[in-house]
Amino acid sequence: MNGLVQTARELTATALPAEFEALAPPPLLLPGEHLDQYHALRQAIFADLAPRSAIEWLLAIDIAELSWDIQRYRMLRHKLLETYRQSAIEAALRRIDLVGIDSEFEAEAESYTRQNALSWRLDPVAATEIDARLATYGFDQHAITTEVYVQAREVLVLFEGLLNAAQTKRMLLLREIRNPCLLAGPLRR
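As the structure is a prediction and not an experimental result, all values here were calculated from the model. In every chain, residue numbers begin from 1 and rise along the written sequence. In keeping with the predicted nature of the model, local features appear solely for residues at pLDDT of at least 70, side-chain atom pairs appear and are counted solely at 80 or more, and the whole-chain, interface and lining totals rest on all residues. Processing note: side-chain calculations cover all non-hydrogen atoms of the structure and skip hydrogens and water entirely.

**Student:** Any chance you could break down the pattern of salt bridges for me, citing the residues and the numbers?
**Tutor:** Just to be clear on terms, a salt bridge is a Lys or Arg side-chain nitrogen sitting within 4 Å of an Asp or Glu carboxyl oxygen. Counted according to the given criterion, the structure contains 11 salt bridges. Here E82 makes a salt bridge to K79, at a shortest N to O gap of 3.8 Å. Remark: K79 and E82 occur in helix α3 (residues 54–97); sequence separation between them is 3 residues, near one turn of the helix. Of the charged contacts in the structure, one is a salt bridge between R95 and E147, with a shortest N-O distance of 3.3 Å. Placement of the pair is R95 in helix α3 and E147 in helix α6 (residues 141–177), with a sequence separation of 52 residues. Burial classes follow relative accessibility: with a 1.4 Å probe on protein chains only, a residue under 20% of its type's maximum area counts as buried, one over 50% as exposed, and anything between as partly exposed. Note on R95: relative accessible area 44%, which makes it partly exposed. On the basis of relative accessibility, which here comes to 19%, the residue E147 falls in the buried class. Where helices and strands are cited, they refer to DSSP runs of H or I of at least four residues and of E of at least two residues respectively, numbered from the N terminus.

**Student:** Outline the packing of helix α4 (residues 106–122) against helix α5 (residues 124–136), supporting the account with residue identities and numerical values.
**Tutor:** Viewed as axis vectors pointing N to C, α4 and α5 meet at an angle of 120°, and their least axial separation amounts to 6 Å. The orientation of α4 with respect to α5, classified from their angle, is oblique. For the pair α4 and α5, the sense of crossing is left-handed. Of α5, the residues touching α4 (which contributes N116, S119, W120 and L122) are P124, A126, A127, I130 and D131. Split into classes, the residues belonging to the contact of α4 with α5 amount to 6 nonpolar, 2 polar and 1 charged. Lines fitted to the C-alpha atoms define the axes, with helices restricted to the stretch that makes contact. Angles between their N-to-C directions range from 0 to 180 degrees. Angular relationships are summarised with four words: roughly parallel below 35 degrees, roughly antiparallel beyond 145, roughly perpendicular across 65 to 115, and oblique for the angles in between. Crossing handedness: left-handed means the near helix sits turned counterclockwise from the far one by under a right angle, and right-handed means the same turn made clockwise. The contact rule is simple, with two residues in contact once any of their heavy atoms fall within 4.5 Å. Note on residue categories: nonpolar means Ala, Val, Leu, Ile, Met, Phe, Trp, Tyr, Cys or Pro, charged means Asp, Glu, Lys or Arg, and polar means any other residue, Gly included.

**Student:** Tell me about the nonpolar core, and name the residues and values.
**Tutor:** L16, F46, L49, I63, I89, L134 and I144 are the most contacted members of the largest nonpolar core, which has 39 residues in total. Sorting the residues of this core by element identifies α2 (35–49), α3, α4, α5 and α6 as the ones contributing at least two each. Take this core: its biggest share by element is 17 residues, from α3. Dropping the residues within four chain positions of it, L134 is found in contact with I89, A92, L93, I96, F139 and I144. What makes a nonpolar core is a set of buried Ala, Val, Leu, Ile, Met, Phe, Trp, Tyr and Cys residues whose side-chain atoms join them at distances within 4.5 Å.

**Student:** Got a sec to walk through the side chain of R72? Specific residues and values, please.
**Tutor:** Examined against the element boundaries, R72 turns out to sit in helix α3. For R72, a relative accessible area of 15% puts it in the buried group. Under this definition, polar contacts are N or O atom pairs within 3.5 Å; protein pairs additionally need one hydrogen-donor-capable and one acceptor-capable atom, and for neighbouring residues in sequence, both atoms have to be side-chain atoms. A distance of 3.0 Å separates a polar side-chain atom of R72 from the backbone oxygen of L28. Not counting the four nearest positions on each side in its chain, R72 is found in contact with L28, L29, L30 and E33.

**Student:** I'd like a rundown of unusual backbone geometry, residues and numbers included.
**Tutor:** Among all residues except glycine, the phi angle is most often negative; among peptide bonds, the trans geometry is most common. A positive phi is found at A50, a non-glycine position, where the angle reads about 45°. Along the chain, A50 turns up in the loop between α2 and α3. A residue is classified by how much of its surface remains accessible, and A50, at 36% relative accessible area, is partly exposed.

**Student:** Describe the confidence of the model for the chain, with residues and values.
**Tutor:** Note: pLDDT gives the predictor's confidence per residue, expressed from 0 to 100. Counting all residues, the mean pLDDT for the chain is 87, and 88% of those residues have values of 70 or more. In this model residues 8–12 is a low-confidence stretch, pLDDT under 50, and it forms 8 contacts with partners more than four residues away in sequence or in other chains.

Below, the structure is given as structure tokens:
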């Protein structure tokens, strides 16, 4: 098929040969990741690259691993932003609720503020109420998002570095697998 979309039959046509199974050990999945999704991504990459030689298979395996890592980094970055959003909501609530609180009641008020921020994350009704309350004090979604990025800036730089490094490695491997010298046959001195 010369089109942009491959059929299920074409995607399964390029399976990892048994002799190369040892080169592709099972992935170490994080909680929430699914083996069938990993295999689907790997199979799609194998079908797209259609490796034939041992070196091409090694490169294709590495490209699949890097592609999985890139997806993982994106998902983890998204989850991280959700966590920091809860922290930003908590910080905004603290600025509203703890103003003028007697030091004797401050610890208890902090506890309620953390509880409210958690409710914001887990309960859509509470989230709507808290968002409306924050808005009355001038904390719109842009202000909360700014707080999220301020709090998460160092960790986001880490994820950006991980993503860039994996994408660069993947591009280098893709260039290598498409290298005409590699496809010409065995490596020559």
